[in-house]
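Survey of secondary and tertiary structure
What follows is each chain in one-letter form.
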Amino acid sequence: MGLVEHVRKAGRQVVQIGDSRDRKIPGTLSLCGYTTPRGTFSILQRAALAGVVDAFPLHACAAVGTPTVALWGPTTPDVFGY
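Residues numbered from 1 in each chain as written. Predicted model: local features only at pLDDT ≥ 70, side-chain atom pairs only at ≥ 80, totals over all residues. Heavy atoms only, no water.

At their nearest, the axes of helix α2 (residues 37-46) and helix α3 (residues 56-64) sit 9 Å apart, and the two run at 55° to each other. Judged by the angle between their axes, α2 and α3 are oblique. As for the relative orientation of α2 and α3, their crossing is right-handed in sense. Between α2 and α3, the contacting residues are Pro 37, Thr 40, Phe 41, Leu 44 and Gln 45 on the first element and Phe 56, Pro 57, Ala 60, Cys 61, Ala 63 and Val 64 on the second. The class makeup of the residues in the contact of α2 with α3 is nine nonpolar, two polar and no charged. (Axes fitted to C-alpha atoms, helices over the stretch in contact; angles between N-to-C directions. Helix = DSSP H or I, 4+ residues; strand = E, 2+ residues; numbered from the N terminus. Parallel < 35°, antiparallel > 145°, perpendicular 65-115°, else oblique. Left-handed = near helix turned anticlockwise from the far one by under 90°. Contact = heavy atoms within 4.5 Å. Nonpolar A, V, L, I, M, F, W, Y, C, P; charged D, E, K, R; others polar.)

Rendered as structure tokens:
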């Protein structure tokens, strides 16, 4: 069982945000291509937890105080992290 299935089994909804060209994750409510930066802040502010990559959503989570699990790519958390 994958992460999305575990979260849904616990009675939570999983929302995916991103670009309309992003691969959709099965079992999520995909809002890919439908959110603005302001909408992203609003969604993340209401989230119990966010799983993000080292990009705009990470900074948005930090700005609104959402607990976050971040996956880091070529950037370093020592410089860009929270």
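Following the structure, the description resumes.
If you look at the biggest cluster of nonpolar residues, it comprises six residues: Leu 44, Ala 50, Val 52, Leu 58, Ala 60 and Cys 61. Secondary-structure elements contributing two or more residues to this core are β3 (50-53) and α3. Per-element accounting of this core gives the leading share, three residues, to α3. (Core = buried A, V, L, I, M, F, W, Y, C linked by side-chain atoms within 4.5 Å. Buried < 20%, exposed > 50% of the residue type's maximum accessible area, 1.4 Å probe, protein only.)

To continue, consider the side chain of Gln 16. You can see Gln 16 is positioned in strand β1 (residues 15-16). A relative accessible area of 9% places Gln 16 in the buried class. Sequence-distant contacts of Gln 16, defined by excluding residues within four places in its chain, comprise Arg 23, Lys 24, Ile 25, Thr 28, Leu 29, Ser 30, Leu 31 and Cys 32.

Spatial relationships are all this shows, so hold off on functional conclusions.
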